[in-house]
Structures are given as structure tokens and as C-alpha cells.
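Descriptive analysis of the structure
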Amino acid sequence: QSTWGGFCHLYDGQEACSTGMEAALVPGDSLITAYRDHCQALKRGGTLEGIFAELMGRVTGHSRGKGGSMHFYAPKYDFYGGNGIVGAQTAVGTGIAFKHKYAKDGKVCVSMFGDGAANQGQLFEAMNMAYLWKLPAIYVCENNRFGMGTSCARAASGSSFFERSNAVPGLHLDGMDVYAVREGMKFAAQYAREVGPIFVELDTYRYHGHSMSDPGSSYRTRQDVDEIRSSRDPIEQVRKRILSLGFAEEGELKAIEREIRTRVDEAAEKAKNDPYPDPSDVYTDVYNKNQIPIRSPDGTFYAFAK
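Below you will find a few notes about this structure. (Residues numbered from 1 in each chain as written. Predicted model: local features only at pLDDT ≥ 70, side-chain atom pairs only at ≥ 80, totals over all residues. Heavy atoms only, no water.)

Considering the overall build of the protein
What counts is decided by this rule: Only runs of H or I of at least four residues qualify as helices and only runs of E of at least two qualify as strands under DSSP, and these elements are numbered from the N terminus. All radius of gyration figures rest on C-alpha atoms, and the globule criterion is 2.2 Å times the number of residues raised to 0.38. Buried residues are those whose accessible area, probed at 1.4 Å on protein chains only, stays under 20% of the maximum for their type, while exposed residues exceed 50% and partly exposed ones sit between those limits. For the accessible areas, the method is Shrake-Rupley and the probe is 1.4 Å, while residue cover comes only from the protein chains on display.
Broken down by element type, the protein carries 10 helices and 9 strands. Expected size for 306 residues packed as a compact globule is a radius of gyration near 19 Å; at 21 Å, the protein falls within 12% of this value. With respect to the three principal axes, the spread of C-alpha positions in the protein is 70 × 50 × 40 Å. For the protein, buried positions account for 44% of its 306 residues. Summed over all atoms, the accessible surface of the protein reaches about 16,200 Å², with 55% contributed by carbon and sulfur.

Observations regarding the side chain of Asp-115
Rules: Counted charges follow a simple rule, with Lys and Arg positive, Asp and Glu negative, and His plus the chain ends left uncounted. Whenever Lys or Arg places a side-chain nitrogen within 4 Å of a carboxyl oxygen from Asp or Glu, that contact is recorded as a salt bridge.
Within the secondary structure layout, Asp-115 lies in the loop between β2 (109-114) and α5 (121-133). With no salt bridge to any partner, buried Asp-115 finds its closest opposite charge in Arg-206, at an N-O distance of 6.9 Å.

As for the pairing of strand β6 (residues 170-174)
In regular strands, side chains alternate between the two faces of the sheet. Definition in use: Being paired, for any two strands, means DSSP has found at least two bridges between them. Crossover handedness is defined by viewing with both strands directed away from the observer: a clockwise path from the first strand over the helix to the second marks the crossover as right-handed.
A one-sided burial pattern is seen for β6, the buried positions being Leu-171 and Leu-173 and the unburied ones Gly-170, His-172 and Asp-174. Sheet topology note: the β6/strand β7 (residues 198-203) ladder contains 5 bridges and is parallel. When the sheet's bridge partners are listed, His-172 is paired in β7 with Glu-201. Tracing the backbone out of β6, into helix α7 (residues 178-194) and back to the parallel element β7 gives a crossover that is right-handed.

Some words on unusual backbone geometry
Here the residue pair Gly-81 and Gly-82 is connected by a cis peptide bond, since its omega of 25° sits within 30 degrees of zero. One can find Gly-82 in the loop between α3 (48-55) and α4 (88-103). Despite not being glycine, Arg-64 has its phi angle at roughly 55°, a positive value. Of note, Arg-64 is situated in the loop between α3 and α4.

Details of the packing of helix α1 (residues 15-24) against α7
As a reminder, the rule being used: With axes taken as lines fitted to C-alpha atoms, and helix axes fitted only over the stretch in contact, angles between N-to-C directions fall between 0 and 180 degrees. Small angles under 35 degrees read as roughly parallel and large ones over 145 as roughly antiparallel, with 65 to 115 read as roughly perpendicular and the rest as oblique. By definition, any crossing whose near helix is turned counterclockwise from its far helix by less than a right angle is left-handed, and any crossing with a clockwise turn is right-handed. Contacts: residue pairs with any heavy atoms within 4.5 Å of one another.
Packing of α1 against α7 brings their axes to within 7 Å, and their N-to-C directions diverge by 40°. Looking at the two axes, α1 sits oblique to α7. Crossing angle aside, the handedness with which α1 passes α7 is right-handed. Across from Ala-16, Cys-17, Thr-19, Gly-20, Met-21, Ala-23 and Ala-24 in α1, the residues of α7 making contact are Val-178, Val-181, Arg-182, Met-185 and Lys-186.

With respect to a nonpolar patch on the surface
Note the threshold: Patch rule: a residue counts if its relative accessible area is over 30% and it has no salt bridge; like charges are joined within 9 Å, and nonpolar side chains (Val, Leu, Ile, Met, Phe, Trp, Tyr) within 5 Å.
Taken together, the side chains of Phe-98, Tyr-102, Met-129, Tyr-131, Leu-132 and Trp-133 define a hydrophobic patch exposed on the protein surface, amounting to about 680 Å² of accessible area. For the nonpolar patch, the element with the highest residue contribution is α5, accounting for 4 residues. Position of Tyr-102 relative to the elements: it lies in helix α4. Under the relative-accessibility criterion, Tyr-102 is labelled exposed at 69%.

Quick look at the sheet that holds strand β3 (residues 137-143)
Spatially, the 5 strands line up as an open sheet ordered β1-β2-β3-β7-β6, and their pairing is parallel. Unpaired on one side and paired on the other, β1 (30-32) and β6 mark the two borders of the sheet. Direction aside, the axes of adjacent strands within the sheet are offset by 20° on average. In this structure, β3 lies alongside β7, joined through 6 bridges in parallel fashion. Of the residues in β7, the one forming a bridge with Asn-143 is Asp-203. Against the sheet, α4 touches β1, β2 and β3, its axis set at about 170° to β2.

Digging into the pattern of salt bridges
Considering all chains together, one arrives at 13 salt bridges under this definition. Of the charged contacts in the structure, one is a salt bridge between Glu-236 and Arg-239, with a shortest N-O distance of 2.7 Å. A residue pair is termed a helical-turn pair when its members lie 3 or 4 positions apart in one helix, as Glu-236 and Arg-239 do in helix α9 (residues 234-244) at 3 residues. Where Asp-274 meets Lys-270, a salt bridge forms, and the shortest distance between an N and an O atom there is 3.7 Å. With a relative accessible area of 13%, Asp-274 lands in the buried category. Given a relative accessible area of 44%, Lys-270 falls into the partly exposed group. Within this structure, Arg-145, Asp-174, Asp-203 and Arg-232 form a network of salt bridges that share partners.

Dropping the structure here:
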């Protein structure tokens, strides 16, 4: 309906990654990720209403309508974005891990990134520093097999990313299995708290293209997507386990799904009617104490409070 502005990177197919990870962490553990961040925002104190409002640029959004799809934040819940520069969040996450070590608070920082960012030099620089300083850092690579439209085989000299470091240990987990992710991340979190940095590669898959502007069909076939969806879909795996173990009946699960769809539709409709930010908000969150520095022709600086 053309209600969203800017880029949008969907997470369907990768739900087990963030869900299993959060189940393994404890309150106070920090998280930073790239721009495919909607599910992370929801699990870090976000609401359906706040997420839809942010996507639509409304003042009731979690970044007050100024961040959009790629820039969700929740410092109250130790969530630091939502970052648009590929791989840059790994360096920032290393700094957050240093904060935890400096404070001796026993917490860890998870830095999430995709296989496309796994070849970034700043990742290796950050991991090197984390190893030398024994920082409580977990580097999580969500390997969905394509960096934008380029497969790992064409972009990386070796696509077993978890094996790349000869100092930082690595784990390879089934990123489509929420239970495998949870148990593997439990180990990773314990290791990071007690020893130092660790690398986790999650083998996953995205059903949609890289972003909404990418149909996702020029570098793979619809049959490829359907095959993964039918054999490894993370939500369907959980549904089958629930039914096979007798935790719920088919009708109960369908009722839950209907309820969730209704909540989603209601949240989206509410966000459509929320106001946009006031134009004066363009100056907020930019300068300290809302002071706007103005330079005169003679080079004198003046600070005008909003």
C-alpha cells in the first residue's frame, strides 16, 4: 500500500536465529546487528505498534519515526541497532563488549552480521582486538547464502566462516532450528563470559530478496526457495514438534495464528493514523542539549537553543 518509506529488509526464513539466540541470553546482555533488524527489535522491548509506526515514519515509532526500517534502537533493553554500514556494527559491538569487561558486570555483547559482511576487514580487526583483550564478545554470522545477490561461493575464498580464525574458536549451527541455535548460543555465551570471544555461524536462508527492491529470483530459482521452505522452515519445524509431542492440537495452533494475524493487522492500521514527526524534530538527537551551532561569515560560532 506504499505506506513504508526507504529500504526494507525482511527476516522471513531466519526467525530461528534471533529467537534461539535470545532464549540463550540473559537480561543485561547486549545486542547489535545490521539492518535486517525487525525481529531483533521486537524481542528487545519492541511492540508491533511501535515497529509499524517506525516503518511508516510516524512519531510513535521506536526511533520516533526518524530511523525507519534499518535503524531500530532500544538502549533500555541493551539493543544498539539497526546499523546501515555493512560490517561496521562488529567494531561497535566490540566496544560494547569492552564496556562489559571494564564494568565487570558479567554480561556479553552479541554482534550479528551476514555472510556478505564476513569478508569485511573491520570484522577481523575487531576480533583480533577482542582476542587480545579477552573481551566477552560473540560474533554471530547469519549465513543466508547470499550477500545481496551474490552467493558465498562467488564472494568468499572459503565459505566456512566459523573456521577462519586460528585464535577465536568457532561454532557452526543449524540456523533454521531454534533449539539448535538456543543450545549452541548457551555454550557461546558461557564461553564468552568465562574465556573470551567466540564466533558462531548460523546456517540459514532468506525467502525474500535482499531488500524489497530485490525480487530474489535473478540469482536463484523459485524451486530453490520452495525446497528450503518445505524441508527446513523454522516455524514449521516447531509446529511439527509441538504436535508430535502432544503439547497442543492442530486447532489450537490455528487459533493462535489467527489471533496473531489479527494483532498484526490492528497494529498496522493504528500506525497508519499516527502523526508524523514535527519538522522541528529534525534538530533533535543531533546536538548536545539541542544547541544548534551556526557559523557566521567571519568564522564566529553561535549556539542557538531550540
